[in-house]
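A closer look at the structure
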Amino acid sequence: AVVSTQSTGVLNGAVAFGPFLGSLLYSASGFVAASVVPGSFIFLSTLAAFFLPNLNSKKRRDVGVRLKWRRLADPWVIFPLWHLTSAQILMTYHMPLLEPYVQKEFDASVVWAGTALLVNTGVLCLSSPILGLIVDKFGPIRMMVASCVTLPLVYAFIGPNPLLTFVTPSKVQVILSLAFLGLAVPMACISTLPVMFQVYSARNSSTLPILVINTLVSLYCASFPVGIFIGTAASGFIEPYASFGWSTGTLGMIYLAQSIGCGLYCWRVWRTVKKSENQQMEDDTVVDNPAATNIIQNF
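Residues numbered from 1 in each chain as written. Predicted model: local features only at pLDDT ≥ 70, side-chain atom pairs only at ≥ 80, totals over all residues. Heavy atoms only, no water.

This next bit is on the packing of aromatic side chains. Applying the stated criterion across every chain yields a total of six aromatic pairs. When the ring centre of tryptophan 76 is taken as reference, the NZ or CZ atom of arginine 268 above it lies at 5.9 Å. (Phe/Tyr/Trp six-rings, centres within 6.5 Å; stacked < 30°, edge-to-face > 60°. Lys NZ or Arg CZ within 6 Å of the ring centre and 35° of its normal.)

A separate point is the nonpolar core. The biggest cluster of nonpolar side chains holds 49 residues, and the ones touching the most others in it are Leu98, Val102 and Leu151. At the level of elements, helix 4 (75-93), helix 5 (95-106), helix 6 (110-138), helix 7 (140-158), helix 8 (171-204), helix 9 (210-238) and helix 10 (244-288) are the ones that each hand at least two residues to this core. Sort the elements by how many residues they give to this core and helix 8 lands first, with 13 residues. The residues contacting leucine 151, other than those within four sequence positions of it, are Ala87, Leu90, Leu181, Ala184, Val185, Ala188 and Tyr255. (Core = buried A, V, L, I, M, F, W, Y, C linked by side-chain atoms within 4.5 Å. Buried < 20%, exposed > 50% of the residue type's maximum accessible area, 1.4 Å probe, protein only. Helix = DSSP H or I, 4+ residues; strand = E, 2+ residues; numbered from the N terminus. Contact = heavy atoms within 4.5 Å.)

This paragraph deals with the confidence of the model for the chain. One rule of thumb: low pLDDT means the predicted coordinates there are not for detailed reading. Per-residue pLDDT for the chain averages 76, and the proportion of residues at 70 or more is 70%. Per-element averaging of pLDDT across the chain places helix 11 (residues 292-298) at the bottom with 44 and helix 7 at the top with 92. Within the model, the stretch residues 1-13 combines pLDDT values under 50 with zero contacts to residues more than four positions away or in other chains. This stretch, residues 57-65, has a pLDDT under 50; its non-local contacts, to residues over four places away or in other chains, come to 10 contacts. (pLDDT = per-residue confidence, 0-100.)

Once that is clear, we can look at unusual backbone geometry. With an omega of -5°, the peptide bond running from glycine 159 to proline 160 counts as cis. Checked against the element boundaries, proline 160 lands in the loop between helix 7 and helix 8. One non-glycine residue, aspartate 107, adopts positive backbone phi at about 55°. If you trace the backbone, aspartate 107 turns up in the loop between helix 5 and helix 6. Of the residues examined, aspartate 107 reaches a relative accessible area of 69% and is grouped as exposed.

A few words on the pattern of salt bridges. In the structure shown here, the tally under the stated rule is one salt bridge. A salt bridge links arginine 203 to aspartate 74, with the nearest nitrogen and oxygen atoms 2.5 Å apart. Of the two residues, arginine 203 is situated in helix 8 and aspartate 74 in the loop between helix 3 (69-72) and helix 4; the sequence distance between them amounts to 129 residues. For arginine 203, a relative accessible area of 39% puts it in the partly exposed group. With relative accessibility at 14%, the residue aspartate 74 sits in the buried group. (Salt bridge = Lys/Arg side-chain N within 4 Å of Asp/Glu carboxyl O.)

What follows covers the environment of valine 185. Following the sequence through the fold, valine 185 ends up in helix 8. Here valine 185 falls in the buried class, since its relative accessible area comes to 1%. Each C-alpha atom of the pair valine 185 and leucine 124 lies 7.3 Å from the other, and the pair is 61 residues apart in sequence. Sequence-distant contacts of valine 185, that is, excluding residues within four places in its chain, are made with Ala87, Gln88, Met91, Leu124 and Leu151.

Printed below as a string of structure tokens:
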């Protein structure tokens, strides 16, 4: 409880200090510095996010278990980390750009822009527990597929993409798009870690040692600041050269290619997990009923 309170205090302090730092840098050096410098501070937290989850459980690691890095380096195991990182890029790319966009396009105030972003993050916080229950019922692979479909679709409407001529930019359109984005991003976040656990177990035909769990959790935690850094820094560099609609729309189309690859990954992983589960059922049958050994061998 003490650690949770301390971490909450640090987070609230960062949230309170962030806008002041951003405005100070913007007035001193322009938009790029206001995006890159805070993003760089966030990137530094990657080191803490990677190492801290291992510290508390260092003494509880399984005796005799050695971490085989080639198993963790398996692309099938770590691919969900990229899906998580790219979701964080989508979550943060538009944030520095939204305020100047709505002021120019709709003559909206800074308060309105802040309220719109609050809707974005508020939906993310409120929907996460519900999505967690859905993952428990239907499985993380289905949730990851859902995120592959919804994320590029929603991001195309934030700008909106100028190619979507049937969409008229408006305050309502911005609010609804941000709300749906807040629902789509946690779909990718919540499904990532369970999918990694399932794939590791299925491809190595073993249970998860605590050392492997700690390492995967560390990689999972580190993916958040990496994605936030890329999204925040990229917005600062791209803003002078592209409009809000074209930059967010193009990013959504790029993410669509990633989503297609992720969908194919989920299909392959689903087959691997099902095959592993069927093999485990056969092994359990042999253990529970030795007489069934001959039946399985003959089959």
